[in-house]
Amino acid sequence: MAAAAMRSDVHAQTETAPAAVNPVTAPSLAKVSLKVNGKACDLELDTRTTLLDALREHLHLTGSKKGCDQGQCGACTVMVNGRRINSCLTLAVMQQGSEVTTIEGLGTPENMHPMQEAFVKCDGYQCGYCTSGQICSAVAVLGEIKEGIPSHVTEDLMKPPSWDSSEIRERMSGNLCRCGAYSNIMEAITQVAGGRA
Amino acid sequence: MKPFTYERAESPAAAAGAAMRHPGAKFVAGGTNLLDLMKLEIEEPMHLIDVNGLQLDKIEPTPEGGLRIGALVRNTDLAADERVRRDYGVLSRALVAGASGQLRNMATTAGNLLQRTRCPYFYDTNQPCNKRLPGSGCSAVDGASRQLAIIGVSEACIATHPSDMAVALRVLDASVETILPDGTTRTIPIADFHRLPGDTPHLETVLQPGELITAVTLPKPLGGTHIYHKVRDRASYAFALVSIAAVIQRDGSGRVAVGGVAHKPWRVEAAEAELPRGAKAVTERLLADAKPTKDNAFKVKLVERVLGAVLAEAKGA
Ligand SMILES: Cc1cc2nc3c(=O)[nH]c(=O)nc-3n(C[C@H](O)[C@H](O)[C@H](O)COP(=O)(O)OP(=O)(O)OC[C@H]3O[C@@H](n4cnc5c(N)ncnc54)[C@H](O)[C@@H]3O)c2cc1C
Ligand code: SF4
Ligand code: FES
Ligand code: FES
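Keep in mind it's a predicted model, so treat the numbers as computed, not measured.

Peer 1: Explanation requested: the interface of chain B and chain A in the structure shown.
Peer 2: Many authors give the size of an interface as the accessible area that is lost as the parts come together. With 66 residues of chain B at the contact, the number on the chain A side is 62 residues. At the boundary of chain B with chain A, total buried surface from both sides reaches about 5200 Å², with 55% on carbon and sulfur atoms. Sorting the residues of chain B by area buried against chain A places P3, R93 and Q102 of chain B first, and these three jointly supply 13% of that buried surface. Inspection of the region where chain B meets chain A yields two salt bridges. Our count for the contact surface shared by chain B and chain A stands at 20 residue pairs in polar contact (both at pLDDT 80 or more).

Structure (structure tokens):
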């Protein structure tokens, strides 16, 4: 009882409205429509479903991986409206109307995206668990440099960021590789970047 | 995660109103902090109000010559805005020193200000923590406190505010614009926005229940050299041990705010008068009342050294 009373106290200020312990036990359903890899998808989901779980468990696109489920590893990286995000830290219902591109949408084994090809050529993986996230992130990183978005290592904020490896390395820091395939990952991205710069 | 109902708010006033109507409601913006905490059931809202559709995602000039940053502007877009890069470089620098590219694409201006501490015991639901469960005690005072605060601390809590962006906003003297559930609006100076822990560490800001942040405004540009220097355990993608946001003028005067040392960005205006006398003099004044633990006493020296580096860089610029 005492703990419950204190608990409501916690929420009094950190919540946007006064509250007690969440007593709700029944899941709440909500509808959401998204476009995934160009295909319209209408789903009715438990509001708790993350975009990652919607992709993997409901749309059976299992290329995107769940590493940490906390925004720390990047294995779940997908593109939403052209930007890379961690799909584990957004709810599917928050993505109403969004266009999502996953690794499956970037290319297929028969018709690979240049970044996928480069990862294969450079052996940019070992177990492959982080790879989908690495590739989605890498494609986005090159876009971000092109757009002129600064990074922590950009020397002059008023000049376009460079395409060198320190920029790529810094921008890829949200994608961890448990196997430590980093040098080959860097090699793959640098090859694609070199082709573009 | 506990179940919750969900709605998309149509206007700022409607969002604030909905928060009052629904017990246990919370706003969700980028979701990068809130969802993480909901998975751990540290946050357990009964109702989520999605504020992403409120069109608060613009950066506009103010009549006073400053900038008004919508609450929903993503950290990436704020850092990349040409006016911010040119006139408020310390803010761009602080933003890109935080989190990862993916997270900055989701994280919003308001959400960043309201992100909760990274104290390990706040996250560990098996341990006492006054911030998570008032009255349960603080595991950090006698625990692993290397990352935690050295100043403005209380017996109840020694947590830090983890935001990099907030440190830059403090040095720039930004203000936070809000709307309350009754439809009134107010402007809160950033200096008054975050609270010190005192004996109520669960109260982190002066926001009222249901109060929605609509924008953050920056006063007109200060000129000078803008520097954000962050020291952390990894070169990238780690929270600050100590960080310094500084705007230093040609004549050596300027402003300094420190991150990673307190429950809010730490700035003591009186200490800035010491700037011409160097880092040691400023730090002595800035951290005069520091009460570090055994584990984090190194931060006092670290602040002085980082400030030394910042002042040297400003001189060379
Ligand atoms: C792995 C990882 C590493 C990170 N590293 C760093 C780092 O180095 N430096 C750093 O500064 N940050 C870091 N972060 C934190 C990140 O910056 C924050 O999670 C982010 O800024 C929060 O913004 P959001 O929009 O996602 O907030 P949300 O998670 O959507 O919301 C956070 C809080 O703000 C409230 N809220 C949101 N919008 C409003 C509004 N308009 N009005 C009132 N209340 C509102 C919500 O109710 C919630 O309580 C990291 C995060 C992760 C996951
Ligand atoms: S320092 Fe604050 S957040 Fe950390 S355990 Fe103590 S009360 Fe909790
Ligand atoms: S699973 Fe999303 S970042 Fe690790
Ligand atoms: S290839 Fe195994 S985690 Fe990266």
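Peer 1: In this structure, what is going on with the site of ligand 1? I would like to understand it.
Peer 2: Taken together, 35 residues sit near ligand 1, with F27, G31, T32, T108 and D164 of chain B positioned nearest. With respect to ligand 1, its neighbouring residues span chains A and B. Between ligand 1 and T32 of chain B there is a distance of 2.6 Å, counted from an oxygen atom to a side-chain nitrogen or oxygen. Here D164 of chain B contributes a side-chain N or O atom positioned 2.8 Å from a nitrogen atom of ligand 1.

Peer 1: How should I be thinking about helix α11 (residues 279-286) of chain B in this particular structure?
Peer 2: In an α-helix, one full turn covers 3.6 residues, which means residues spaced three or four apart are oriented alike. Listing the buried residues of α11 of chain B in full gives A279, A281, V282, T283 and L286 of chain B. On its buried face, α11 of chain B sits against β11 (254-259) and α12 (298-316) of chain B.

Peer 1: Explanation requested: the site of ligand 2 in the structure shown.
Peer 2: All names here are of chain B. Neighbouring ligand 2 are 13 residues, the closest being C119, C129, C138, C157 and I158. In a pocket analysis with a 2 Å cut-off to the grid points, ligand 2 is assigned to the largest cavity. Among the residues forming the shell around ligand 2, the class breakdown is ten nonpolar, two polar and one charged.

What counts, and where the lines are drawn
- Residues numbered from 1 in each chain as written.
- Chains lettered and ligands numbered in written order.
- Predicted model: local features only at pLDDT ≥ 70, side-chain atom pairs only at ≥ 80, totals over all residues.
- Heavy atoms only, no water.
- Contact = heavy atoms within 4.5 Å.
- Buried area = accessible area lost by both parts, 1.4 Å probe.
- Salt bridge = Lys/Arg side-chain N within 4 Å of Asp/Glu carboxyl O.
- Polar contact = N/O pair within 3.5 Å; in protein donor to acceptor, adjacent residues only side chain to side chain.
- Near = heavy atom within 4 Å.
- Buried < 20%, exposed > 50% of the residue type's maximum accessible area, 1.4 Å probe, protein only.
- Helix = DSSP H or I, 4+ residues; strand = E, 2+ residues; numbered from the N terminus.
- 1 Å grid on protein atoms, 1.4 Å probe; cavity = no way out; pocket = protein on both sides within 12 Å on 5 of 7 lines; lining within 4 Å.
- Sits in = over half its atoms within 2 Å of the grid points.
- Nonpolar A, V, L, I, M, F, W, Y, C, P; charged D, E, K, R; others polar.

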